[in-house]
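# Secondary and tertiary structure notes
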Amino acid sequence: MGHRSAIASHRSLARPHTAMSSSGVSSSSNQVKAESPDISINHIDEYVELLYEDLSERIRGSAMILQVARNPDNLEELEKNEACLSALSRVLREDWRKSLDLSTNIIYIFFCFSTYTKFHPVIVQYKIGSLCMDVIDYELRRYESMRNEIDVRKNPLGSTPLSAKASKEKLNNSSDDFLDLMNEERPKEMEPPRRRIPELKQRPKSGNWSSFHSSMSSSLIKSQILNSSYHEALSSNGTQTPDSGMSSSGDMKATSNEALDRNDPKVKKEEIDRLNKQLKLFAKKQEQLLRVAFYLLLNMAENVKLEEKMRRKNIVKMLVKALDRQNIDLLMLITTFLKKLSIVGDNKDDMSDLNIVAKLPRLFQSGHSDLVQVTLKLVFNLSFDGSIRKKMIAAGYLPMLVMFINDEKHHGIAVKILYHMSLDDKVKALFTHTECVQMATDAIILNLNSKVDLDLIALCINLSLNRRNAQIMVEGNRLHSLMDRAFKYQDNLLMKLLRNLSQHESLQPLFIDYVGDLARILTICDDESFIVECLGILGNLSLADLDYSQILQNFQLIPWIRNVLVPGTKMDDLVLDTIVYLGTCAHDELCALLFCRAQVVLSLIELLKAKQEDDEIVLQIIFVFQQILRHESTREYMIKETESPAYLIDLMHDKNSEIRKVCDYCLDIIAISNNEWAKRIKLEKFRNHNSQWLCMVESQQHEDNNEDYNEQEEEEHDLNTYLRGEYLDNCDLYNSNQTNKENEDNDSNNSNNPASPSNSTYGRPASSFARSQDLDDLYNMSISTKSSQGSSQGDNSFIFKSNKSLDADCLHEEFLMA
């Protein structure tokens with residue numbers, strides 16, 4: 001039945017509406033209950049007859065019918081009483097401006113029907129929903145006008161039309177909350193204006209100056225008699241009619257105006273306090289009407305078509321305007337309604353345009369737990385929109401939301417909102433100015449369950465991408481606690497968090513102590529998702545202090561790696577992170593030689609054939625080739641013993657720019673080291689360059705021929721103007737190789753680009769060499785003797801490094817003996 005859960009949770013909120021206030025019932029309802037304690041549906045005809053009497057009798061009759069309708073057992077019989085429903089709808093349509101009690105009673109009767117979906121056609125039939133929206137709109141504008149007049153009174157210059165206009169604009173455009181009518185700040189005493197009576201060109205004949213002020217404040221004066229007649233008090237639009245029957249109020253107005261004319265700030269303050277008190281009483285009665293009307297519309301909004309009609313009649317604007325009220329129950333109802341509407345894009349955009357973000361912070365500070373919970377749910381719905389999230393950040397939502405992390409009731413929804421905010425990179429840095437990072441990390445560590453809260457770990461994963469947030473997460477021995485928990489429960493999400501932390505270069509040395517545990521878990525864990533994250537951490541640790549070859553041999557990772565690289569046996573994420581780890585290890589010459597001797601390179605080539613369409617896997621494989629080609633001891637093996645140069649030539653013109661960059665670098669190394677491959681590479685580059693040029697020329701020629709054909713349709717062309725590609729396939733290239741090579745280098749813009757991971761978007765470890773310098777060194781090595789060859793690692797004292805020689809023959813022998 002749609003909103004039955006919402007109705008059940010707010011049923012207590014509906015009971016105080018109008019005839020049922022928190023202290024019982026309204027004055028008319030009290031009288032009815034006292035005179036007729038045995039109100040029954042059997043006397044419904046008598047109650048309906050009262051609707052045709054004067055205003056006071058109509059109020060009494062509607063209150064009696066309301067007593068009957070509040071019993072759910074009577075609704076079916078009332079539904080069949082067409083005379084009763086027709087009379088109620090007619091009275092509401094004709095007299096709703098005359099009395100708040102009358103309007104509230106009748107709308108409440110139909111609200112009782114709206115609590116059950118089966119009775120919704122009754123409300124649609126008599127068009128009560130549309131009428132409720134008219135009533136709400138009118139009451140909101142009336143209250144706004146009265147507030148505006150009080151603001152004018154507070155301002156000594158408010159008697160001028162310009163000041164009144166400015167006050168209205170301030171009321172309409174201000175994002176500040178209305179002052180609490182119970183705790184309104186006392187107006188500051190200020191010097192009264194020297195002259196309150198405007199100068200006129202001609203003196204009025206009557207000489208009665210009080211009429212000037214009465215035209216400004218009559219609606220406020222009339223609010224003193226709200227319980228007698230709201231129509232006469234508030235529909236006169238600021239003018240007094242001679243037949244209004246308000247002689248006593250006229251005397252009171254004169255007295256009030258005379259008091260205001262005095263230059264005594266104390267008297268003026270007392271007058272404003274009195275008007276505020278009157279407005280408070282009026283607002284309390286009006287909010288009963290607004291609650292029952294909004295609740296009826298909320299129930300009717302179960303129907304999507306009816307909700308769309310409400311949207312077209314600006315229901316969102318009315319709800320947002322009513323957020324300025326002080327009644328907690330009314331605010332809960334409005335916020336619940338807005339939460340429901342906010343899931344529709346158009347409604348969400350309307351709320352954003354109406355600056356709803358500026359109205360919600362005071363609800364967080366209301367101290368009412370249920371209201372805060374509903375408000376957080378509304379904010380969560382709105383936080384899916386990026387532009388609204390920016391407004392929330394600008395309005396200071398972040399510190400307020402962080403306070404709810406330790407609140408058991410609001411923790412879940414607050415973390416969800418913070419997760420949405422953490423999606424923006426600029427906002428991640430703002431979290432460092434709050435205690436969110438420490439609180440979230442500690443909540444993960446202290447959690448007694450085997451699985452952490454998904455929203456909380458997702459928030460931390462996002463925040464860990466920021467360097468400062470990552471540093472906060474590992475402070476106070478938190479890294480050790482996180483690692484222990486991750487290994488204990490084999491939590492892949494927690495290990496993903498640690499993987500993000502390991503991306504920051506300043507934090508990588510902290511992970512050295514856990515390298516052995518990470519490598520050991522690879523061969524004994526069956527959860528591939530967990531293994532992927534462990535491999536990701538190992539792949540991020542590009543540290544000179546690590547002896548990667550010892551890790552590979554001690555934990556027997558080479559057979560495991562070859563098994564993973566077999567096409568089709570493992571999921572692609574595991575294969576990809578394994579290749580990334582190989583690229584990190586291959587930076588060490590001993591590991592590069594190990595990969596060659598253990599035929600890992602051949603496995604990579606087979607995988608390259610099978611995964612040609614996966615750009616990421618292809619790119620990482622080529623990066624491994626690049627790392628191996630950089631070492632002289634393994635370069636000859638790659639060039640002469642494998643098919644890697646041929647595949648690199650094929651990928652030289654790949655559509656992926658990153659793949660082309662890494663291929664160019666690898667081919668440059670091969671060209672420097674091997675003259676035969678240098679000729680083939682230059683020829684292939686020349687052919688590709690000219691084939692692209694010929695394709696462009698032939699395309700242009702085709703367009704020109706079409707234009708010539710249109711101008712001279714019978715003209716024939718016997719000769720081809722340009723050479724065809726077949727000629728180039730058979731041509732012999734001699735002295736133009738170097739020139740074409742230089743042209744190709746200029747066209748590719750790779751002279752200063754190492755195609756290293758630091759220049760790519762794939763998160764590879766940063767390379768420690770520059771391309772131009774590295775290629776010069778390779779060239780110098782190719783034309784010099786190897787007698788002065790030394791270790792590439794320097795004389796640093798490493799944590800895991802051994803002092804083994806890197807001579808190729810010795811490495812071969814050591815590997816075979818091992």
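Residues numbered from 1 in each chain as written. Predicted model: local features only at pLDDT ≥ 70, side-chain atom pairs only at ≥ 80, totals over all residues. Heavy atoms only, no water.

### So, the overall build of the chain
The test is simple: Counting from the N terminus, the helices are DSSP H or I runs at least four residues long and the strands are E runs at least two residues long. The criterion used for residue contact is that any of the two residues' heavy atoms lie within 4.5 Å.
For the chain, the helix and strand inventory stands at 45 helices and 0 strands. Taking contacts inside the chain between residues at least 6 apart in sequence as the whole, the part at least 24 apart equals 74%.

### Remarks on a negative patch on the surface
The cut-off we apply is this: Nonpolar side chains (Val, Leu, Ile, Met, Phe, Trp, Tyr) within 5 Å and like charges within 9 Å form the patches, drawn only from residues with over 30% relative accessible area and no salt bridge. Each accessible area is a Shrake-Rupley estimate made with a 1.4 Å probe; only the visible protein chains count as cover when residues are assessed. Whenever Lys or Arg places a side-chain nitrogen within 4 Å of a carboxyl oxygen from Asp or Glu, that contact is recorded as a salt bridge. Asp and Glu are treated as the negative residues and Lys and Arg as the positive ones, with His and the ends of the chain left uncounted. Charged groups are reduced to one reference atom each: NZ for lysine, CZ for arginine, CG for aspartic acid, CD for glutamic acid. Only protein chains enter the calculation, and the probe is 1.4 Å; a residue is then buried if its accessible area is under 20% of its type maximum, exposed if over 50%, and partly exposed in between.
A cluster of like negative charges, contributed by D45, E46, E49, E53 and D54, occupies part of the molecular surface. You can call E46 partly exposed: its relative accessible area is 47%.

### Quick word on the confidence of the model for the chain
To keep it simple, the criterion reads: What pLDDT expresses is the predictor's confidence in each residue, scored from 0 to 100.
Considering every residue of the chain, the mean pLDDT works out to 76; 67% of them sit at 70 or more. A low-confidence stretch, residues 158-256 stays under pLDDT 50, and its non-local contacts, those more than four residues away or across chains, total 125 contacts. Scored below 50 in pLDDT, residues 713-772 makes 76 contacts in the model with residues more than four places away or belonging to other chains.

### With respect to the environment of S502
The condition is simple: Throughout this description, a polar contact denotes any pair of N or O atoms lying within 3.5 Å of each other; where both atoms belong to protein, one of them has to be capable of donating a hydrogen while the other can accept it, and for residues adjacent in sequence the pair is counted only when both atoms sit in side chains.
Looking at the secondary structure, you find S502 in the loop between α29 (492-501) and α30 (515-524). For the pair formed by S502 and L541, sequence separation is 39 residues and the distance between their alpha carbons is 7.1 Å. With near-sequence residues (within four places) excluded, S502 lies in contact with Q508, F511, I537, N540 and L541. A polar atom in the side chain of S502 sits 2.6 Å from the backbone oxygen of R499.

### Observations concerning helix α17 (residues 328-341)
To keep it simple, the criterion reads: Expected helix span is taken as 1.5 Å per residue step, with the number of steps being one fewer than the number of residues.
The end-to-end C-alpha distance of α17 is 20 Å, a good match for the 20 Å that 14 residues give at a rise of 1.5 Å each. Of all 14 residues that make up α17, 11 are buried, and the element is covered over most of its length. Listing the buried residues of α17 in full gives L330, L331, M332, L333, I334, T335, T336, F337, L338, K340 and L341.

### Here we look at the packing of helix α4 (residues 55-69) against helix α7 (residues 100-114)
The cut-off we apply is this: Working convention: axes come from line fits to C-alpha atoms, limited for helices to the stretch in contact. Angles between N-to-C directions cover 0 to 180 degrees. Here is the rule for angles: anything less than 35 degrees is roughly parallel, anything more than 145 is roughly antiparallel, 65 through 115 is roughly perpendicular, and the remaining ranges are oblique. Left-handed describes a crossing whose near helix is turned anticlockwise from the far helix through less than a right angle; right-handed describes the clockwise counterpart. When residues are grouped by polarity, Ala, Val, Leu, Ile, Met, Phe, Trp, Tyr, Cys and Pro land in nonpolar, Asp, Glu, Lys and Arg in charged, and all others, Gly among them, in polar.
Contact geometry for α4 and α7: axes closest at 9 Å, N-to-C directions at 25 degrees. Of the possible angle classes, the one that applies to α4 and α7 is roughly parallel. For the element pair α4 and α7, the recorded crossing hand is left-handed. Mapping the contact onto sequence places L55, R58, I59, S62, A63, I65, L66 and A69 in α4 and D101, L102, N105, I106, Y108, I109 and C112 in α7. Of the residues contributing to the contact of α4 with α7, the split by class is 11 nonpolar, 2 polar and 2 charged.

### A few points about the pattern of salt bridges
Under the defined criterion, the tally for this structure stands at 35 salt bridges. One salt bridge connects R58 with D95, and the closest N-O pair in it is separated by 3.1 Å. One end of the pair, R58, is in helix α4; the other, D95, is in helix α6 (residues 82-95), and 37 residues separate them in sequence. The pair R58 / D95 is uniform in exposure class, with both members buried. For K661, the salt bridge is made with E658, and the minimal N-O distance between the two is 3.8 Å.

### Quick look at the environment of N42
Structurally, the position occupied by N42 is in the loop between α2 (27-35) and α3 (44-50). Residue class for N42 comes out exposed when judged on its relative accessible area of 65%. With 26 residues separating them along the chain, N42 and V68 place their C-alpha atoms 9.6 Å apart.

### Examining the state of the cysteines
Heads up, the rule is: In this description, a disulfide is simply a cysteine sulfur pair whose atoms lie within 2.5 Å.
Taken as a whole, this structure holds 0 disulfides when the rule is applied. Not engaged in a disulfide, the cysteine C460 finds its nearest cysteine sulfur in C436; these two sulfurs lie 7.3 Å apart.

### Comments concerning the packing of aromatic side chains
Stated formally: Stacked, edge-to-face and tilted labels apply to pairs of Phe, Tyr and Trp rings (six-membered ring for Trp) whose centres lie within 6.5 Å, assigned for plane angles under 30 degrees, over 60, and everything in between, in that order. Charge over a ring is defined by NZ of Lys or CZ of Arg lying within 6 Å of the ring centre and within 35 degrees of the ring normal.
A full pass over the atoms with the stated rule returns 10 aromatic pairs. Ring centres of F113 and F119 lie 5.6 Å apart, and the angle between their planes is 90 degrees; this geometry places the pair in the edge-to-face category. For the pair formed by F113 and F119, the shared burial category is buried. Ring centres of F487 and F530 lie 6.4 Å apart, and the angle between their planes is 75 degrees; on these two criteria the pair is classed as edge-to-face. With F487 in helix α28 (residues 478-489) and F530 in helix α31 (residues 528-540), this pair connects stretches of sequence that are 43 residues apart. Here the aromatic residues F110, F113, Y116 and F119 are joined through ring pairs into a cluster of three or more. Cation over ring: R97 sits above Y138, and NZ or CZ is 4.4 Å from the ring centre. Positioned above the aromatic ring of Y143, the side-chain terminus of R325 is 3.7 Å from the ring centre.

### Description of the environment of L297
Looking at where L297 falls in the secondary structure, it is placed in helix α14 (residues 265-300). Counting along the chain gives 183 residues from L297 to S114, while the straight-line C-alpha distance between them is 8.4 Å. Setting aside anything within four residues of it in sequence, one finds L297 in contact with G129, C132, M133, I136, M310, I315 and F337.

### A word on unusual backbone geometry
One non-glycine residue, N355, lies in the positive phi region at around 60 degrees. Checked against the element boundaries, N355 lands in the loop between α18 (345-353) and α19 (361-364). For N355, a relative accessible area of 34% puts it in the partly exposed group. Its identity is not glycine, yet Q556 carries a phi of approximately 50 degrees, on the positive side. Position of Q556 relative to the elements: it lies in the loop between α32 (548-554) and α33 (557-564). The exposure class assigned to Q556 is exposed, which follows from its relative accessible area of 60%.

### Brief notes about the packing of helix α23 (residues 411-421) against helix α26 (residues 454-463)
Running from N to C, α23 and α26 cross one another at 25 degrees; their axes reach a closest spacing of 9 Å. One element, α23, and the other, α26, form an angle in the roughly parallel class. Once α23 is placed against α26, the crossing between them reads as left-handed. In contact with H411, V415, K416, L418 and Y419 of α23, α26 contributes D455, L456, A458, L459 and N462. A breakdown of the residues in the contact of α23 with α26 according to their chemical character gives 6 nonpolar, 2 polar and 2 charged.

### Some points on helix α40 (residues 657-673)
For α40, which comprises 17 residues, the first-to-last C-alpha distance of 25 Å matches the rise-based estimate of 24 Å (1.5 Å per residue) to within 8%. Within α40, 12 of the 17 residues are buried, leaving the element largely enclosed by the surrounding structure. Among all positions of α40, only E658, I659, V662, C663, D664, Y665, C666, L667, D668, I669, I670 and A671 are buried.

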